[in-house]
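# Fold and contact review
The primary structure of each chain is shown beneath.
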Amino acid sequence: MYVLVVNAGSSSLKYQVFNMENEEVIAKGVVEKIGVMKTDESGAKVPADGITTYKRLSDGTENRQEMVIANHSVATELMLGNLLSAEHGIIKSLDEIYAVGHRVVNGGKWLTKPTLVNDSVIADLRKCLDIAPVHTKAHLMGLEGCIEHMPKTPQVLVIDTAFHSTMPKKAYTYPIKKETRERLSIRRYGFHGSSHRYVSAKAIEYLGKGAEGTKVITCHLGNGSSIGAVKDGKIVDTSMGFTPLEGVIMGSRCGSIDPAIVPFVMENEGIAAKDMGDWMNKECGFLGMCGSSDLRDVERMIGEGNEEAKLALDILGYQVKKYVGSYAAAMNGVDAVVFTAGIGENNPTIRQLAMEGMEFFGIKIDPEKNKNARSLAEPIDISADDSKVRIYVIFTNEELVIARDTKEVVDNL
Ligand code: ADP
C-alpha cells in the first residue's frame, strides 16, 4: 500500500512515496523554481526554467528535467508523470496510491489534527491565510494540483502545529490585550510538530519506561530551529511562536529579539512595515551576521579566524542551553535531551556548546561519543555514563509521521 507525501512550498514541491507495508520510501523527488521569473537581455520579465529531480530508491534510477514550470498544477503533473513513467516509475495507475498526505505548516485554531480534505476543510485551510499567508497559499496550490490530477484519491492534511495543541494557556498566550489577540488569532502555535513528535516518541521508547512521567527536551536545529518541552509524551512548551520567527538564532532568522528593536530599526534604516518581516526572516541570523545561512560555511569562516562567525555559533549554543535550562525548570526535571535535524544531527560543536556546563541539571555530555556520533537509523546516546540525563542524537523523519497519519485517517473512514 503506497502513500504519497507532499510538501508544497511557494516555489517548490517535495514528495516521497512510502510503501506502508514496511514504511520504506520507494521514490522521492522535488520540483523546484515553480512560477519563478527572470529578467532577459532586453530587461523583460520572462519565466525562468524550473528543475525536477526524481529518484526510484529500489535501483537508484534517477531523472532530471529542466523546463518552465508555470504553477503547482504543472508541478503535480510532472510529479505524477515520474511516478507513472514506464522507464523509472513505481506505479502503473494512480489507483495504486492509497492516499496523499499534505504537510501543512500552520493550521491555526481551525485545523488541529490530521484531517481528510473536503470543501469545509479547504475553507478552514483558507482561514489560515490570515495568520500564515505564504505557507498557506503554497499548501492550497499543492492541494489543488493533487485534487485536479488525482480526483479519486483521498487527500489528508497533516498539520505541523497539531502536536503543539496540548500547550497550557500560560505557555501559548502572549501578554497583550485579550480582544486584540482573539480578533487576530495571536497565540503561540509552535512549528516542526511532526519532528518533535517523532523524536520525542523515539526517546521515550529508548528511555524504556513509557510516556507517563517522562520529560524530554527536543532540539530541532536546522535551517529553522525550535526547541520543545515534552512531558508525558505531550508538548507543554516550544520556542517558535505565532510564526517560526521566535526562538533561537537561525539560518536567516533573528529569533527572539527585544520587540522594541523592530520599530527602532524601521525608523533608522528606513524599512517599511511590509518589508520588515522579510528583513527579520531572510536577512538576519547566520546570514545577516556572516553572509551565509549554512552553518557549515559559518564553521569554515571560524577556521579562517572570522570573529563574527564564532560569535554566531556561540549564540546558538548559548541560546539552546538557556532553553534546555528553562524547560527543565518548566517540567521540574528532564530525562532526555534530543538533538535532531540538519545541525542537531550533524554538528557536534553545537551539541557540545549547548550541553557542557550543565552538571547542575544532571546533564553530562561525553565529548568523544559526541564527536563520533554519525548518521544512524537508531538513536545515539552521547551522554557520559554517569549522566543522570540521557542525551540522544536522533534522526528525524517528518515525512514518515505524515504518511502514518494519512494512512490512519483513511483506514478509519
Ligand atoms: P531545513 O530546516 O531547511 O530542513 P536542515 O535540517 O537540512 O534544514 O538543516 C540545514 C542546516 O544543517 C545547515 O545549517 C547545515 O549547515 C546543517 N547541515 C545539514 N547537513 C549537514 C551535514 N551533513 N554536516 C554538517 N552540517 C549539516
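One structure accompanies this document, and this report is about it. Please read all numbers here as calculations on a predicted model, not as lab measurements.

Quick notes on the rules
- In this convention, every chain numbers its residues from 1, walking through the sequence in written order.
- Restriction of local features to residues with pLDDT of at least 70 applies here, the model being predicted, together with a cutoff of 80 or more for giving and counting side-chain atom pairs; totals for whole chains, interfaces and linings are based on all residues.
- Hydrogens and water molecules were not included; the side-chain quantities draw on all heavy atoms of the structure.
- Pairing between strands is defined by DSSP: at least two bridges between them are needed.
- Each helix is a run of DSSP H or I of at least 4 residues and each strand a run of E of at least 2, with the numbering of both proceeding from the N terminus.
- Contacts between residues were defined by any pair of non-hydrogen atoms, one from each residue, lying within 4.5 Å.
- Geometry is summarised by axes, namely lines fitted to C-alpha atoms with helices restricted to the contacting stretch, and by angles between N-to-C directions that run from 0 to 180 degrees.
- In summary, the pairing rule links any two rings of Phe, Tyr or Trp, Trp by its six-membered ring, whose centres are within 6.5 Å, and it sorts them by plane angle into stacked for under 30 degrees, edge-to-face for over 60 and tilted for everything else.
- Type-normalised accessible area, obtained with a 1.4 Å probe on protein chains alone, sets the label of each residue: buried when under 20%, exposed when over 50%, and partly exposed for intermediate values.
- The disulfide definition used here is simple: a pair of cysteine sulfur atoms within 2.5 Å.

The strand order across the open sheet formed by eight strands is 7-6-3-2-1-8-10-9, and the pairing between neighbours is mixed. Of all strands in the sheet, those bounded by a partner on one side alone are strand 7 (62-68) and strand 9 (115-116). The pairing of strand 2 (residues 12-19) with strand 3 (residues 24-32) spans eight bridges and is antiparallel. Opposite Ser12, over in strand 3, you have Glu32 as the bridge partner. Contacting strand 1 (2-8), strand 2, strand 3, strand 6 (49-56) and strand 7, helix 1 (residues 72-84) runs over the sheet at an angle of about 30° to strand 2. Running over the sheet, helix 15 (residues 398-411) touches strand 1, strand 2, strand 8 (97-104), strand 9 and strand 10 (155-159) and is turned about 125° from strand 8.

This part is about the packing of aromatic side chains. One pass over the structure, following the stated rule, counts four aromatic pairs. On the basis of an interplanar angle of 80° and a centroid distance of 6.1 Å, the ring pair of Tyr206 and Tyr392 is categorised as edge-to-face. Of this pair, Tyr206 sits in helix 6 (residues 193-207) while Tyr392 sits in strand 16 (residues 390-393), placing them 186 residues apart in sequence. Looking at Tyr206, the relative accessible area reads 38%, which means it is partly exposed. Take Tyr392: its relative accessible area is 3%, and that puts it in the buried class.

Let us look at the state of the cysteines. Inspection of every chain in the model, using the stated rule, returns zero disulfides. Cysteine Cys219 is unpaired, with the sulfur of Cys254 as its nearest cysteine sulfur at 20 Å. Since its relative accessible area comes to 0%, Cys219 is described here as buried. Cys254 takes part in no disulfide bond, and the closest cysteine sulfur, belonging to Cys284, lies 4.6 Å away.

Looking at the element boundaries, Arg253 is found in the loop between strand 13 (234-238) and helix 7 (261-269). Distance from Arg253 to Asp278, taken between C-alpha atoms, is 9.1 Å for residues 25 residues apart in sequence. If sequence neighbours within four positions are ignored, Arg253 has contacts with Gly224, Met240, Pro244, Leu245, Met280, Asn281, Cys284 and Gly285.

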